[in-house]
Amino acid sequence: MLCGVCVVAFLSSEQVEHYRREGYVVASGAATPASFAAMTAELDAWVEDSRSHRENYGETLSGSPRFDLEPGHGAARPRLRRVNNPAEISETYRTAAFDGPLGDMAASLLGPDVKFLQCKINLKLPGTATRVDYHQDFAYVPYTNDDALTALAMLDDMTLDNGCLMVVPGSHREGQASLWQYERFTGSVSAEKTAECKRRAVPIVGKAGDVCLMHTLLLHGSDANASDRPRRLFICGYSAADAFPLVRASLPNCFQGAIVRGKASRHARLRAGSVELPTEFNMASFFQLQERSARRAVRR
Ligand SMILES: O=C(O)CCC(=O)C(=O)O
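Only a predicted model underlies this, so the values are computations on that prediction, with no experimental measurement involved.

Below, the discussion takes up the sheet that holds strand 5 (residues 132-135). In space, the four strands of this open sheet follow the order 5-12-7-10, with antiparallel pairing throughout. The outermost strands of the open sheet, each flanked by one partner alone, are strand 5 and strand 10 (202-204). Pairs of neighbouring strands in the sheet enclose a mean axial angle of 25°, with direction left out of account.

So this is what it looks like as structure tokens:
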């Protein structure tokens, strides 16, 4: 029984208040039971198919791979760790991102006019080593304002030992943290800031079918999966319709900017102050960027 899977499309005023104060909220009902079953079945099939590949494969709009494999991947022990923009290749994921509860929840927090940005699936299969270094999503693709969020829908139970998301409560009210070190865009905060994040972070645990909705400026990261159970997340980015990107997305998709609730805006709302921009990187996922930066840091 997947007790997180029920149909609760909108958030309560307490949940909205929690999101505003802490920068995140966990809710149940990320997808209808039928949609949830279809998503996991399709993902199981992608993992099976990955066994026949030795290198990253598939192609997205930018030419970078659709399917990203962790080093050490093989037929016996698949290490598929990312599917980029599954909505472009799957009706099931397209429907979940556009027509399901995720869009309604985004509208409760950003609404009424909401745009789709991008989506992806992050997998941490048992025996894999991928972790996520602390960062804010905003810094990868900054917008004219910060009314944007990331919805992380749990396709498995997310637990303390399977590499759960860690978030730093309230950090969305502390401005932009730099993801640059030594004049390079590293995709993660400095070692000092990471230590601070680890001190302040709280784990996000939940049942399959739950979702964590996270402000675009919230600092977050996650450890590797130390358990024998998978941890898979379907992750969708949404923004207010009047937030416009200041740079090209690193993983562009054909639905970017599509209105999922309400109507389009011809006005770009501006956030005060200055915004630190990323550099463009053409990689299969930010895992590669963060890993390269971590290797460079070790060599220093
Ligand atoms: O998969 C995770 O644990 C975190 C995901 C994340 O931070 C991201 O994709 O931006």
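Further notes follow.
In the structure shown here, the tally under the stated rule is one cavity of 30 Å³ or more. A volume near 570 Å³ is recorded for the largest cavity. Around the largest cavity, the lining is made up of 37 residues, and of these Q118, K120, D137, Y140 and T150 lie nearest the centre. Broken down by secondary-structure element, the contributors of at least two residues to the lining of the largest cavity are strand 3 (80-84), strand 4 (114-124), strand 5, strand 6 (148-154), strand 12 (220-222) and strand 13 (231-240). Here the lining of the largest cavity takes five residues from strand 4, the largest share from any one element. Classifying every residue of the lining of the largest cavity gives 19 nonpolar, 14 polar and four charged.

Time to look at the nonpolar core. The tendency in soluble globular proteins is for nonpolar side chains to be buried side by side. Residues L80, L149, V211, L213, F234 and Y238 are the most contacted members of the largest nonpolar core, which totals 44 residues. Formed by 24 residues, the second largest nonpolar core is a distinct cluster that contains L117, V132, Y134 and F281.

Here the focus is the site of the ligand. Surrounding the ligand, one finds 14 residues, the nearest of these being K120, N122, H220, S222 and R231. K120 has a polar side-chain atom sitting 2.9 Å from an oxygen atom of the ligand. N122 places a side-chain nitrogen or oxygen 2.9 Å from an oxygen atom of the ligand. Considering the ligand on its own, with 300 Å² of exposed area, one finds that the protein chains cover 98% of that surface. Given that more than half its atoms are within 2 Å of the pocket grid, the ligand belongs to the largest cavity. Every element with two or more residues in the shell around the ligand is listed here: strand 4, strand 5, strand 12 and strand 13.

Let us look at the pairing of strand 6. Taken across its seven residues, strand 6 has seven buried, putting it largely inside the fold. Covered by surrounding structure in strand 6 are A148, T150, L152 and M154 together with L149, A151 and A153, the residues of both alternating faces. Direction of pairing for strand 6 relative to strand 13: antiparallel, over a ladder of seven bridges. Bridge pairing in strand 13 links M154 to L233. Here strand 6 runs beside strand 11 (residues 211-215); their pairing, made up of five bridges, is antiparallel.

Moving on, we come to the pattern of salt bridges. Within this structure, the stated rule accounts for 22 salt bridges. Here E88 makes a salt bridge to R66, at a shortest N to O gap of 2.8 Å. Highlighted residues: E88 in the loop between strand 3 and helix 3 (91-98) and R66 in the loop between helix 2 (33-50) and strand 2 (67-69), separated in sequence by 22 residues. The pair formed by E88 and R66 is uniform in burial state, with each residue classed as buried. One network of salt bridges, in which partners are shared, links E174, K193, E196 and R200.

The buried fraction of strand 4 is high, at ten of eleven residues. Pairing geometry for strand 3 and strand 4, over three bridges, is antiparallel. Bridged to R82 within strand 4 is N122. Taken together, the ten bridges between strand 4 and strand 13 define a ladder with antiparallel strand orientation. Within strand 13, the position partnered with K120 by the bridge is I235.

About the criteria used
- Residues numbered from 1 in each chain as written.
- Predicted model: local features only at pLDDT ≥ 70, side-chain atom pairs only at ≥ 80, totals over all residues.
- Heavy atoms only, no water.
- Pairing = 2+ DSSP bridges.
- Helix = DSSP H or I, 4+ residues; strand = E, 2+ residues; numbered from the N terminus.
- Axes fitted to C-alpha atoms, helices over the stretch in contact; angles between N-to-C directions.
- 1 Å grid on protein atoms, 1.4 Å probe; cavity = no way out; pocket = protein on both sides within 12 Å on 5 of 7 lines; lining within 4 Å.
- Points joined across faces, edges and corners; volume = space filled by probe spheres on them.
- Nonpolar A, V, L, I, M, F, W, Y, C, P; charged D, E, K, R; others polar.
- Core = buried A, V, L, I, M, F, W, Y, C linked by side-chain atoms within 4.5 Å.
- Buried < 20%, exposed > 50% of the residue type's maximum accessible area, 1.4 Å probe, protein only.
- Near = heavy atom within 4 Å.
- Polar contact = N/O pair within 3.5 Å; in protein donor to acceptor, adjacent residues only side chain to side chain.
- Areas by Shrake-Rupley, 256 points an atom, 1.4 Å probe, with all protein chains shown as cover.
- Sits in = over half its atoms within 2 Å of the grid points.
- Salt bridge = Lys/Arg side-chain N within 4 Å of Asp/Glu carboxyl O.

In short, the description is geometric, and any link to function would need to be established separately.
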